[in-house]
Amino acid sequence: MAKPNPIPVRLKEARKRAHMTQKELGLRIGMDLGSASSRMNHYEKDRHTPDIQTLQRMADELKVPLNYLFCDSTESAELACLIDRLSIEERQELIKQLSK
């Protein structure tokens, strides 16, 4: 059995955390005024999946790393955001620590 698509859940979580409406997010990433709300609703209801360029614009606007949108657990999503905030040096140190 296939795992459910994590994108709708992560997208909605990040949008709500950013205190944005579906329409506002759609407009901010360049969607037309007349379709922004319904298109975002379709993405969050898993009726349609956005292409990678649209996902990247959403992630940028929501200030989450792109891989956050693909995380299938809350823990991995939280880790993706925390790791994204680290400097290169801190990431390298984390890799060393986790590799032990």
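Residues numbered from 1 in each chain as written. Predicted model: local features only at pLDDT ≥ 70, side-chain atom pairs only at ≥ 80, totals over all residues. Heavy atoms only, no water.

*Asks:* What am I meant to see in the pattern of salt bridges here?
*Replies:* Oppositely charged side chains can form a pair if their charged atoms are brought close together. Per the stated rule, a full pass over the model turns up 6 salt bridges. Its salt-bridge partner being D72, residue K3 comes within 2.9 Å of it at the nearest N-O pair. With a gap of 69 residues between them, K3 in the segment before helix 1 (7-17) and D72 in the loop between helix 4 (52-62) and helix 5 (74-84) connect regions that are remote in the sequence. Of the residues examined, D72 reaches a relative accessible area of 49% and is grouped as partly exposed. R10 serves as the salt-bridge partner of E13, at 2.7 Å between the closest nitrogen and oxygen. Remark: R10 and E13 occur in helix 1; sequence separation between them is 3 residues, near one turn of the helix. The exposure class of E13 is partly exposed, given its relative accessible area of 31%. (Salt bridge = Lys/Arg side-chain N within 4 Å of Asp/Glu carboxyl O. Helix = DSSP H or I, 4+ residues; strand = E, 2+ residues; numbered from the N terminus. Buried < 20%, exposed > 50% of the residue type's maximum accessible area, 1.4 Å probe, protein only.)

*Asks:* It is not clear to me how the state of the cysteines should be interpreted in this structure. Could you clarify?
*Replies:* Note: disulfide means a covalent bond formed between the sulfur atoms of two cysteine side chains. Tallied over the entire structure, the rule returns 0 disulfides. The closest cysteine sulfur to the non-disulfide-bonded C71 is located on C81, 7.7 Å from its own sulfur. Owing to a relative accessible area of 11%, C81 belongs among the buried residues under this scheme. (Disulfide = S-S within 2.5 Å.)

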